[in-house]
Amino acid sequence: MRLRLASALLLLGLLTFALAACSSSSGTGSSSGASCTYPAGPYGTVVGSVVDPSLHWQGFVDDSGQAQDVSMRDYFDCDGSKGVRALLLDESATWCIDCETEAAQISPLVPAKWKSEGIAVVTLMAQDQQQNAATLDTALSWRNEYALTAGAVCADPQWTTKLWGGAPASGNGFPTNAVIDPRTMKIVALQPNDVVGTVENLAASH
């Protein structure tokens, strides 16, 4: 009887050990992602510098109608485990004709091509039609008008990228495009002549 009990306890111990090992093994992917530590500062706003991880906005992700916090940290993907290969940060204004043109160009690309290629797009709305600071309503209206339902559209009343790239006191115009490498969170291009080509080339390099 004692022998049977000892054997049962031994078997139970081995089974518990095996389950723990399987659990540890299956968590390898997530632990790898957790080991990504955001690059240390100093942070900057010119090509070659790392974007400040504290930057965040309230906005709408994909086709959700519920506002949520969107952070630069969300797109940091040091080992590719999140599937992010390139990040386009686009600063726009409702009154800006060039912004409308760009939104119309980009919106069909994201669900049809960019999403599968790992290209993430965050649109920051700085001003509304009257050139007032944008609100969540501004962001939601823009998202819906251009069907930007794959990516994030956020209210950015502080106009985050106004002085990026060493812009004069008057600031950058609209749209302002920053292409960011999610492996390092470094700015690889500001106001590239070919936004689409620059983003796709970065994604392809990963």
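Let me sum up the structure you'll find in this document.

Procedures and definitions
- Residues numbered from 1 in each chain as written.
- Predicted model: local features only at pLDDT ≥ 70, side-chain atom pairs only at ≥ 80, totals over all residues.
- Heavy atoms only, no water.
- Disulfide = S-S within 2.5 Å.
- Helix = DSSP H or I, 4+ residues; strand = E, 2+ residues; numbered from the N terminus.
- Buried < 20%, exposed > 50% of the residue type's maximum accessible area, 1.4 Å probe, protein only.
- Contact = heavy atoms within 4.5 Å.
- Pairing = 2+ DSSP bridges.
- Axes fitted to C-alpha atoms, helices over the stretch in contact; angles between N-to-C directions.
- Salt bridge = Lys/Arg side-chain N within 4 Å of Asp/Glu carboxyl O.
- Core = buried A, V, L, I, M, F, W, Y, C linked by side-chain atoms within 4.5 Å.
- Polar contact = N/O pair within 3.5 Å; in protein donor to acceptor, adjacent residues only side chain to side chain.

**Quick notes on the state of the cysteines**
Scanning the entire structure with this criterion turns up 1 disulfide. The disulfide bridge from Cys 36 ends at Cys 78, spanning 1.8 Å between sulfur atoms. Where Cys 36 bonds to Cys 78 through sulfur, the torsion about that S-S bond is close to -75°, and the disulfide is left-handed. Taken together, the residues span a long stretch of sequence, with Cys 36 in the loop between α2 (28-34) and β1 (56-61) and Cys 78 in the loop between β2 (68-71) and β3 (86-93) at a distance of 42 residues. Assessed through its relative accessible area of 17%, Cys 36 is described here as buried. Given the relative accessible area of 31%, Cys 78 is considered partly exposed.

**So, the environment of Val 122**
Looking at the element boundaries, Val 122 is found in strand β4 (residues 119-127). On the basis of relative accessibility, which here comes to 1%, the residue Val 122 falls in the buried class. Between the C-alpha atoms of Val 122 and Leu 87, which are 35 residues apart in sequence, the distance is 7.6 Å. Those residues in contact with Val 122 that sit more than four places away from it in its chain are Tyr 75, Leu 87, Leu 88, Leu 89, Asp 90, Ala 152 and Cys 154.

**Some details on helix α6 (residues 195-205)**
Within α6, burial applies to Val 195, Val 196, Gly 197, Val 199, Glu 200, Leu 202 and Ala 203. Close packing links the buried residues of α6 with β3, α3 (97-106), α4 (109-114), β4, β6 (176-181) and β7 (186-190).

**So, the sheet that holds β1**
Overall, mixed pairing links the 7 strands, which are arranged β2-β1-β5-β4-β3-β6-β7 in an open sheet. Across the chains shown, the open sheet's two edge strands, defined by having one partner strand only, are β2 and β7. For this sheet the average axis-to-axis angle between neighbouring strands, irrespective of direction, equals 35°. Here β1 runs beside strand β5 (residues 152-155); their pairing, made up of 4 bridges, is antiparallel. Note on β5: the bridge partner recorded for Phe 60 is Val 153. Here α6 sits on the sheet in contact with β3, β4, β6 and β7, set at roughly 10° to β6.

**A word on the pattern of salt bridges**
In total, this model carries 3 salt bridges according to the counting rule given. Put simply, Lys 113 and Glu 117 hold a salt bridge, and the shortest N to O gap is 3.0 Å. For Glu 117, a relative accessible area of 24% puts it in the partly exposed group. Here Glu 200 and Lys 113 are joined by a salt bridge, their closest N and O atoms 2.9 Å apart. Note that Glu 200 is positioned in helix α6 and Lys 113 in helix α4, a separation of 87 residues in sequence. One connected set of salt bridges, linked through shared partners, spans Lys 113, Glu 117 and Glu 200.

**Quick look at the nonpolar core**
Counting residues in hydrophobic clusters, the biggest one holds 22 residues, and the most contacted among them are Met 72, Leu 87, Leu 89, Val 122, Ile 180 and Met 185. Elements with a contribution of two residues or more to this core: β3, β4, β5 and β6. A per-element tally of this core places β4 first, with 3 residues. Sequence-distant contacts of Met 185, that is, excluding residues within four places in its chain, are made with Tyr 38, Ser 49, Val 50, Val 51, Met 72, Tyr 75, Phe 76, Leu 87 and Ile 180. With 16 residues, the next largest nonpolar core counts Ala 93, Ala 134, Trp 142 and Ala 155 among its residues.

**Things to note about the side chain of Ser 107**
Looking at the element boundaries, Ser 107 is found in the loop between α3 and α4. In this structure the side chain of Ser 107 is engaged in a polar contact, spanning 3.4 Å, whose partner is the backbone oxygen of Tyr 146.

**A short note on unusual backbone geometry**
For the bond from Gly 41 to Pro 42, the omega torsion is 10°, close enough to zero to count as cis. When you line up the elements, Pro 42 lands in the loop between α2 and β1. In this chain, Phe 174 is followed by Pro 175 through a cis amide linkage whose omega measures -10°. Inspection of the secondary structure puts Pro 175 in the loop between β5 and β6. Unlike most non-glycine residues, Trp 159 shows phi in positive territory, near 50°. Mapped onto the elements of the fold, Trp 159 is located in the loop between β5 and β6. Note on Trp 159: relative accessible area 15%, which makes it buried. One non-glycine residue, Gln 191, lies in positive phi territory at about 50°. Along the chain, Gln 191 turns up in the loop between β7 and α6. Overall, Gln 191 belongs to the partly exposed group, its relative accessible area being 37%.

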